[in-house]
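Structural overview for review
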Amino acid sequence: MSRAHPERSALLARLGIDIDSELLELALTHRSYAYEHGGIPNNERLEFLGDSVLGQAVTVKLYRDNPGLDEGDLAKRRASVVSSVALAEVGRNIGLGDFVLLGKGEDMSGGRNKPSIIADTVEALIGAAYLDAGAEAATELVLRLIAPLLDDPHRFGAAVDPKTSLQEAVAHRGFGLPVYTVTNTGPDHNKLFHARVDVTGLVTAEGEGTSKKQAEMAAALTAWTDLAERSARTPRG
């Protein structure tokens, strides 16, 4: 099989895996781009496959690493790691938005930063890795991608419930409750929600999602991350 184009070598280096160029192209092809180019195949089938591979890899990892957790707690942790909010963060960490193939309209409307598009593309890449390199390599890819979440208990907690984590973080600093403002755009069958969270005098952040809840979670995680990074930069006296 042919290998990836040189301009995508940076992405493959970040993923730590080589993927056939045709499969990689497909994994990066959003439906908006496919529609504008005569209805060529898009990444939704690979996304479907990648979702299954992701779920299995995360389930096994959590089961083996947390012998003291019951089924309910394991299910909650799995749901947080495979959520669109968490996967969007994973995708942003590797600069995935720069490589996604989008239609002109989707690109102009900020599609490269939309959590749903980034998260879906992460799953499509996992599916492509499974087809090209096999189950073991795809599982290793999943574990590399989610490692930052699992290795950092605080970030893991924020991904599980970013709104609660943000509320606790601002309360610890003596500020009031976060205030969320949500708007939406697009037709009823394909709405995009935009959320803004404000903590007066401390932090403001925005997020997007395909539901009000998802958008608020994305905004909360961005705000929490901002506060965490500020704390990390502040010298401890």
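Read on for an overview of the structure.

Basis of the calculations
Sequence order as written defines the numbering, with residues in each chain counted from 1. Predicted model: local features are reported for residues with pLDDT of at least 70 only, side-chain atom pairs are reported and counted for 80 or more only, and whole-chain, interface and lining totals are derived from all residues. Only hydrogens and water are set aside; all other atoms, that is, all heavy atoms of the structure, feed into the side-chain values. Secondary structure elements are taken from DSSP: a helix is a run of H or I of four residues or more, a strand is a run of E of two residues or more, and numbering for both begins at the N terminus. The globule rule used here is 2.2 Å times the number of residues to the 0.38 power, and the radius of gyration it is set against is calculated over C-alpha atoms. Residue burial is assigned from relative accessible area. The probe radius is 1.4 Å, only protein chains are included, and a residue is buried under 20% of its type maximum, exposed over 50%, and partly exposed in between. Note on contacts: a residue pair qualifies if any of its non-hydrogen atoms lie within 4.5 Å across the two residues. Only the protein chains shown count as cover for residues, and all accessible areas are computed by the Shrake-Rupley method using a 1.4 Å probe. The charged-residue count follows a simple rule in which Lys and Arg add positive charge and Asp and Glu add negative charge, with His and chain termini not counted at all. All charge positions are set by atom: Lys at NZ, Arg at CZ, Asp at CG, Glu at CD. When DSSP finds at least two bridges between two strands, those strands are taken to pair. For every element, the axis is a line fit to its C-alpha atoms; helices are fit only across the contacting stretch, and the angle between N-to-C directions ranges from 0 to 180 degrees. Angles are sorted into four bins: roughly parallel if under 35 degrees, roughly antiparallel if over 145, roughly perpendicular if 65 to 115, and oblique for all others. For a crossing to be left-handed, the near helix must be turned anticlockwise from the far one by less than a right angle; the clockwise case is right-handed. For this classification, Asp, Glu, Lys and Arg are treated as charged, while Ala, Val, Leu, Ile, Met, Phe, Trp, Tyr, Cys and Pro are nonpolar and the rest, including Gly, are polar. Two rings from Phe, Tyr or Trp (for Trp, the six-membered ring) form a pair when their centres sit within 6.5 Å of each other. Planes less than 30 degrees apart are called stacked, planes more than 60 degrees apart edge-to-face, and all others tilted. Throughout this description, the term charge over a ring refers to an Arg CZ or Lys NZ atom that lies within 6 Å of the ring centre and within 35 degrees of the ring normal. Salt bridges are counted wherever a side-chain nitrogen of Lys or Arg sits within 4 Å of a carboxyl oxygen of Asp or Glu. Two N or O atoms form a polar contact when they lie within 3.5 Å of each other; inside protein one atom must be a possible hydrogen donor and the other a possible acceptor, and for residues adjacent in sequence the pair counts only when both atoms belong to side chains. Nonpolar cores are built from buried Ala, Val, Leu, Ile, Met, Phe, Trp, Tyr and Cys residues. Side-chain atoms within 4.5 Å join them into one set. As used here, the arc belongs to the directions running from the helix axis to the C-beta atoms.

Quick word on the overall build of the protein chain
Tallying secondary structure elements over the protein chain gives 12 helices and three strands in all. Its C-alpha atoms give the protein chain a radius of gyration of 18 Å, within 12% of the compact-globule value 18 Å for 237 residues. Taking the principal axes of its C-alpha atoms as reference, the protein chain extends roughly 60 × 45 × 35 Å. Relative to its full complement of 237 residues, the protein chain shows a buried share of 44%. Excluding contacts between residues fewer than 6 apart, the proportion of contacts in the protein chain whose partners are at least 24 apart in sequence is 52%. As presented, the protein chain carries roughly 12,600 Å² of accessible surface, and 52% of it is formed by carbon and sulfur atoms. Across the protein chain, the centroid of the 25 positively charged side chains sits 4 Å from that of the 33 negatively charged ones.

Let's talk about the sheet that holds strand E2 (residues 192-199)
The antiparallel open sheet is built from three strands, whose spatial order is E1-E2-E3. Where the open sheet ends on each side, the last strands, each with one partner, are strand E1 (179-185) and strand E3 (203-209). Strand-to-strand, the axes of this sheet are offset by a mean angle of 15°, without reference to chain direction. Taken together, the seven bridges between E1 and E2 define a ladder with antiparallel strand orientation. Bridge pairing in E2 places Val182 opposite Ala195.

Thoughts on the packing of helix H4 (residues 44-65) against helix H5 (residues 71-81)
As a packed pair, H4 and H5 sit with axes 10 Å apart at the nearest point and diverge in direction by 135°. With respect to each other, H4 and H5 are oriented oblique. For H4 against H5, the interelement crossing comes out right-handed. Residues Gly55, Val58, Thr59, Leu62 and Tyr63 of H4 form the contact with H5, whose own contacting residues are Leu74, Arg77, Arg78 and Val81. Tallied by class, residues from the contact of H4 with H5 come to five nonpolar, two polar and two charged.

Some details on the packing of aromatic side chains
This model, assessed by the stated rule, comprises zero aromatic pairs. For Lys163, the ring lying beneath its charged end belongs to Tyr180, and the centroid distance is 4.7 Å.

Here we look at the pattern of salt bridges
Tallied over the full model, the rule gives 10 salt bridges. Linking Glu206 and Arg196 is a salt bridge whose minimum nitrogen-to-oxygen distance equals 3.8 Å. Separated by 10 residues along the polypeptide, Glu206 in strand E3 and Arg196 in strand E2 bring together distant segments of the chain. Of the residues examined, Arg196 reaches a relative accessible area of 36% and is grouped as partly exposed. The network of salt bridges with common partners includes Arg196, Asp198 and Glu206.

Notes on helix H6 (residues 84-93)
By the criterion of burial, H6 is predominantly enclosed, with seven of the 10 residues buried. Among all positions of H6, only Val85, Ala86, Leu87, Ala88, Glu89, Val90 and Gly91 are buried. Where H6 begins, the capping side chain belongs to Ser83, and its oxygen is found 3.2 Å from the backbone nitrogen of Ala86. A positive backbone phi angle near 65° is found at Gly95, which sits one or two residues after H6.

Focus on the nonpolar core
Note on soluble globular proteins: their nonpolar side chains tend to be buried together. Membership of the largest hydrophobic core comes to 39 residues, with the highest contact counts inside it found for Leu11, Leu15, Ile19, Leu96, Ile126 and Leu145. Elements with a minimum of two residues in this core: helix H1 (9-15), helix H2 (21-27), H4, H5, H6, helix H8 (115-133) and helix H9 (135-151). The element that contributes the greatest number of residues to this core is H8, accounting for nine residues.

A short note on helix H11 (residues 162-172)
Among all positions in H11, only Pro162, Ser165, Leu166, Ala169 and Val170 are buried. Considered in projection along H11, the buried side chains sweep an arc of 125° and stay on one side of the axis. For H11, the exposed residues set more than 90 degrees away from the buried face come down to Glu168 and His172. After H11 finishes, the residue Gly174 shows a positive phi value of roughly 85°.

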